[in-house]
Number of protein chains: 2
Amino acid sequence: MTPFLLRTALPALAAALCLPSALGAPDEGQWLPQQIRAMNWAALKARGMQLTKDEFWHPERGGVLSAAVQIGGCSASFVSSDGLVVTNHHCGFGAVNQLSTPEQNYLRDGFVAQDRGAEMPAPGMVVYVVRRIENVTERVHAAQAEADDPLERWARTEAVIDEIVAEGEKEPNTACHVASFFEGREYHLYYRTRLTDVRLVYAPPRAVGEYGGEVDNWEWPRHTGDFTFFRAYAAPDGSPRDYQEGNVPYRPDHWLRVSADGVQQDDLVMILGYPGRTERYLSSVAVADREGVYYPLRLAMLTEMIEVLEAHAATSDQAQLDYASTIKSLANVQKNAAGMVWGLERNAVVQRKQREEQQFTAWVAGSEERRARYGSLLAELHALDREEQETTRKDLVLSLALSSRTSPFLRGLVDLVSTAIRMEPGSDVPESLVRRFGESMAKDFEAVQKPLMTIVLDELRGLDGADTFEARAVLHPDVKLPTDRVVVGLLETSKLTTPAGRLALLRGGAPAVRGSEDPLVKLAVGLAIERDALVARNRRFEGARIELGRRWIEAQQAWRGTSFYPDANSTLRVSIASVKGYQPRDGVRYVPHTTVAGLLQKHTGAEPFDAPEALRTAATERRQSAYFDARIGDVPTCFLSDGDTTGGNSGSPVINGKGELVGLNFDRVFENVSGDFGWNADRSRNVSVDIRFVLWNLESVMPAHHLLREMGVPAGAR
Amino acid sequence: MTPFLLRTALPALAAALCLPSALGAPDEGQWLPQQIRAMNWAALKARGMQLTKDEFWHPERGGVLSAAVQIGGCSASFVSSDGLVVTNHHCGFGAVNQLSTPEQNYLRDGFVAQDRGAEMPAPGMVVYVVRRIENVTERVHAAQAEADDPLERWARTEAVIDEIVAEGEKEPNTACHVASFFEGREYHLYYRTRLTDVRLVYAPPRAVGEYGGEVDNWEWPRHTGDFTFFRAYAAPDGSPRDYQEGNVPYRPDHWLRVSADGVQQDDLVMILGYPGRTERYLSSVAVADREGVYYPLRLAMLTEMIEVLEAHAATSDQAQLDYASTIKSLANVQKNAAGMVWGLERNAVVQRKQREEQQFTAWVAGSEERRARYGSLLAELHALDREEQETTRKDLVLSLALSSRTSPFLRGLVDLVSTAIRMEPGSDVPESLVRRFGESMAKDFEAVQKPLMTIVLDELRGLDGADTFEARAVLHPDVKLPTDRVVVGLLETSKLTTPAGRLALLRGGAPAVRGSEDPLVKLAVGLAIERDALVARNRRFEGARIELGRRWIEAQQAWRGTSFYPDANSTLRVSIASVKGYQPRDGVRYVPHTTVAGLLQKHTGAEPFDAPEALRTAATERRQSAYFDARIGDVPTCFLSDGDTTGGNSGSPVINGKGELVGLNFDRVFENVSGDFGWNADRSRNVSVDIRFVLWNLESVMPAHHLLREMGVPAGAR
């Protein structure tokens, strides 16, 4: 394994990256650290970059970029030498939710640890710090070359990656992972420090951290204080270990200085972080399926499910706490699906891809060598896409049917039946196991589990043709009965709804499952079979794409001849951007800054626009704040920039040309949701909370002057 | 009577008008022609005015301003020497609606008269041209001085005005009217030419003329082609006469040149026309009643009524034609009420008025003379306002109960009973009269008349206290019965629902009405009594305000010491403005121009965003149009300016500094609906259709090149 330096990267790629067009062009691209180094730094300097290449990121010594860490599925950054981490409120939402009770409701009221002793272990929060990156492409490709078919190719890839990871993790205190880039053209190994003792330091009240709620989500203008502070702890020698007394604040090698001056329109900003997934190099056929089938169905089903959950959550404070996190996450996905449906159509992505494919085809036809090399490539890709999308509907419904969030009853059922299959027939079944299934299957059954199951089964009943599935018959798909009646029938017929029935199945083991005529058992077996088939199928497609996708990317690069960045894959990236508004529609321009005045204008006193009294009181004196911006005439709240971001960039530090933290990325605008399939200079905008709004909260709203001092910014009114 | 010249106007007013602040200040004010002459023309010239004072308007010779005429409740302008008139589509809507049938649907499909012979008499359209204005203040004040109480003051005012009008109308071909300014401080007599032969020349399809419908109404951004052309005709000698063969196009003394170049951001524009009514000088007490009682009730009732009408209109093409005009007009009033509710609160008008009144009170207290003169004035005004608003709810419900649009059944009922009272007992009742009542009371009875009546009676049942009313008992207000059951009871008990019953009442005359125990007869008598009481009451208040309001305005002027414009009263006014966007809320800016591209973006193929195919086809070639604006990169559709407008300004010509027509005012933005109670530099914006969009329609969409030639603008692609 060679350290990752450009001398080992593909020469064609390196050359492409050096083209000044990469910087003169719109701010498209989620660039790898090494690609940033290869950019035209004179052009970057002209835009406002004041760091040197090595200060920004050095392959061996790291740099400013190294302060960007991963937390859960989000990004975050160190902002002090004592392991203080800032990310989005919505990234810490689950942890704060879990720490809250109706009596001690930190989610609702916010939380400030007045000293380090008061910082509370945050359940589920783990911080990953990238220490080093290596290019392991040759070794992975060598393993893949030995495979004869797609499934084997997938398996050999997994195996060699497991090997590489295991070897890497021999290094002390290291969590490794290998990521594939450019559809398998490259593989990189990440050496990461995994910090599991993460504590909650400061969370604003939900009414600040989620101001605007689902109404404003994916929209501009925003006034959301979407930030929360954590602190990473480690053993006194600095090595990572789980929470225990005696742990001390972790001392990161790199942390960001925090700017008290903020940004102005047209300023250079860079968004650092771990974007999750984009699909910029899909074919027109694949995108058409997303637009026509996948996202519309996802939108419709989630909309129904959220209605069920919201109706129940409204019934009590406890129900509200029980489902807040689920509703928030599903609503986010729902609006994302709506944005995809809107944006793919509005941006005519399919039509653009079709035009590009025609041009590509013409280019291929233009030379004997290209015909030989790429003549069948597009047809192969389209054929693979078409084959994969034969089961789009089934795959989606199945994934919702087996998720504990969207279909807890069916998920519990499949878990129960899978457990039963693994039991020795006639064995003694532990009391606790029976009780666990009983409790989870009974919780909010009538209000939540049953209506969610009805939504899922209704879609399952509607599947047919290529989408048909095992055990379909128990749903009586051809009988003209409303699905809620079918559900009643299933529940009345099945013995699994009683403790005795569940116990009998668990005691009977595999034979009892296989011989059962119980419709819920048959349904669960059918769903499990389909799930396993789906997994196998996906591996085969993955194996096929490792080979085909790699050739497709190679051809794209030969044809386009411009700089290339790989699709997002949850690895460390940089987006270079400007603070910039946009025109969402004719006659309307979104300006890049919002203000506390705008926040107050939205205040209605009712969720999601219920600004806390402390904020409203502090607002009356905000001209005296250190974070008042005279040019804007207010304390700024959020800003727009034309960064290239996606899910996973939540919490991403946004830095200025000096490498100082000026904001936290937390969203994209609605017009940019479909940006995952293609960046658009006119509409691709990411939304950040202005760091001055964060600091104003700590200064004046729910004070934490000790944290301001720790970050080295003014801690009192000027 | 002296001709209206400033030498006869109040010296204090003239002095105030000359203050340069009138032009340095924001573009507030609906100025009288003579006030415009008194402005600082050097400052106007610096803003882009290229006309001289006399070219703009001369008290005896008229000028550019004289091309602005009145049509129905709207404004319009002459745009050719042959009497071609352009106004808004929504101003000609009723006429085009009446000319349409399901088979020949000009409202839906549009209309172009290919030559003058094809121009069609437009029912109800009358054009008024102001020829001369005289100040008749002294004569009216002299008459008023003889009155002893408010009602007499009202009556003497009416009488002297009738006298003045009658004398004025001795001049041939003249329709006079006298308007009161500054709450009765001044009275002006208008000599007008009344043109009754008005013919439809060109109407775009409703899908253009009303593009965006009620969704976009009162909003920005707009893409509405809100224009229609008519032509005034007269006798060959130029004298006005009703439609007849042999009439020829009317030759106006003044008409506007049409600009093919349009306007750009920050350009000076002037809006000419006949604004209907503003209430800028109301007290805080009066505005609080509008905000808290009047507009919320109006909004609630209209919302219910529109639902009834829309449900019925959706049932057939004929129903659509029958109610299109009513729904459009009620929906407009409904959204206006919503805007009032929003804007009065948002702009804190009551609070601002209260502050001003405190300052005024302090000013009064500051001198012995002022205390003597104005000491009790504000208290008197508040007392009068409070007295008047004792019956706000009743007056509003009564006005809706007696309107043929909102309550056709009750209106028909009151007309029937009023007719019966005037009949000689035992007389022969004409068959046609009985039939007329029968037909009108039966039309869409179940679908429209009955539900509308139920809405009104439900409100009437809820009135009590100071609002109680005659014949209330027949509605059983104290019985816990839903009002629709009460209505069923009324209809079952009453004999007026049968022809025989109606005939018997008409034959019985006044004694039959007075002796009747029929609940509908009693209800109708009660409503008629209330209506008459309301009229009498209003006259008394009007008489009181003639005296008190005049003193109030005098005091305001003494206190404020700045220039003053009178409230709108449907007389000829000028608003001086700039093409200018605004910030409707934090983070959002509305830009002042929209384009055909934006129109196409809104197109869904369904009402109200169903752009005709001809338009969409023409749009593909619009870069070749003479009306393509290279600076905007498109054919513009609408623009914003900060004009001071209100209802009645619909169709107002918007002219540039050369006096050329650049647009037709057709709306205000939602944030400016409450502008009737106070202008606001940040939010007061009027919406105009860009004349180039009008001309592009005539050039390329539904061509009428003969009209373009008549207006002297390019008639083909360049």
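The preceding data block contains the structure.
All of these numbers come straight from a predicted model, not from anything done at the bench.

Turning next to helix H23 (residues 519-560) of chain A. All names here are of chain A. In the structure, H23 departs most strongly from a straight axis at Arg545, where the bend amounts to approximately 35 degrees. The N-cap residue of H23 is Asp518: its side-chain oxygen and the backbone nitrogen of Leu520 are 2.9 Å apart. Trailing H23 by a residue or two, Gly561 shows a phi angle of about 65 degrees, which is positive.

Here we come to the pattern of salt bridges. All names here are of chain B. One pass over the full model with this rule turns up 98 salt bridges over all chains. The salt bridge partner of Arg231 is Glu119, with a shortest N-O separation of 3.0 Å. Of the two residues, Arg231 sits in strand S11 (residues 228-234) while Glu119 sits in the loop between strand S5 (111-112) and strand S6 (120-121), which places them 112 residues apart along the sequence. Classification of Glu119 by relative accessible area gives buried; the value is 5%. For Arg631, the salt bridge is made with Asp629, and the minimal N-O distance between the two is 3.3 Å.

A few words now on the sheet that holds strand S21 (residues 686-690) of chain A. All names here are of chain A. With antiparallel pairing, the seven strands of this open sheet are ordered in space as S14-S13-S19-S20-S21-S18-S17. At either margin of the open sheet sits one strand with a lone partner, and together these are strand S14 (573-578) and strand S17 (593-595). Adjacent strand axes in the sheet meet at a mean angle of 30 degrees when their direction is disregarded. Where strand S13 (residues 268-273) lies against strand S19 (residues 653-655), two bridges are found, and the strand directions are antiparallel.

Here we take up the state of the cysteines. Residue and element names in this part refer to chain A. Scanning the model with the defined rule gives two disulfides over all chains in all. Between the sulfur atoms of Cys74 and its disulfide mate Cys91 the distance is 2.1 Å. Classification of the bridge connecting Cys74 and Cys91 rests on its S-S torsion, roughly -85 degrees, and on that basis the disulfide is left-handed. Of the two residues, Cys74 is situated in strand S3 (residues 74-78) and Cys91 in helix H6 (residues 89-99); the sequence distance between them amounts to 17 residues. Free of any disulfide, Cys638 has its nearest neighbouring cysteine sulfur in Cys91, separated by 15 Å. For Cys638, a relative accessible area of 0% gives the class buried.

Okay, the sheet that holds strand S15 (residues 582-585) of chain B next. Spatially, the four strands line up as an open sheet ordered S15(A)-S16(A)-S16(B)-S15(B), and their pairing is antiparallel. One side of each edge strand has no neighbouring strand; the edge strands of this open sheet are strand S15 (582-585) of chain A together with S15 of chain B. Within the sheet, the average angular offset between the axes of one strand and its neighbour, ignoring direction, is 40 degrees. Direction of pairing for strand S16 (residues 588-590) of chain A relative to strand S16 (residues 588-590) of chain B: antiparallel, over a ladder of three bridges. Paired with A:Arg589 across the bridge in S16(B) is B:Arg589.

Rules and cut-offs
Residues numbered from 1 in each chain as written. Chains lettered and ligands numbered in written order. Predicted model: local features only at pLDDT ≥ 70, side-chain atom pairs only at ≥ 80, totals over all residues. Heavy atoms only, no water. Bend = angle between axes of the 7 residues up to and from the residue. Helix = DSSP H or I, 4+ residues; strand = E, 2+ residues; numbered from the N terminus. Polar contact = N/O pair within 3.5 Å; in protein donor to acceptor, adjacent residues only side chain to side chain. Salt bridge = Lys/Arg side-chain N within 4 Å of Asp/Glu carboxyl O. Buried < 20%, exposed > 50% of the residue type's maximum accessible area, 1.4 Å probe, protein only. Pairing = 2+ DSSP bridges. Axes fitted to C-alpha atoms, helices over the stretch in contact; angles between N-to-C directions. Disulfide = S-S within 2.5 Å.

As far as function goes, none of this settles anything; it's purely spatial.
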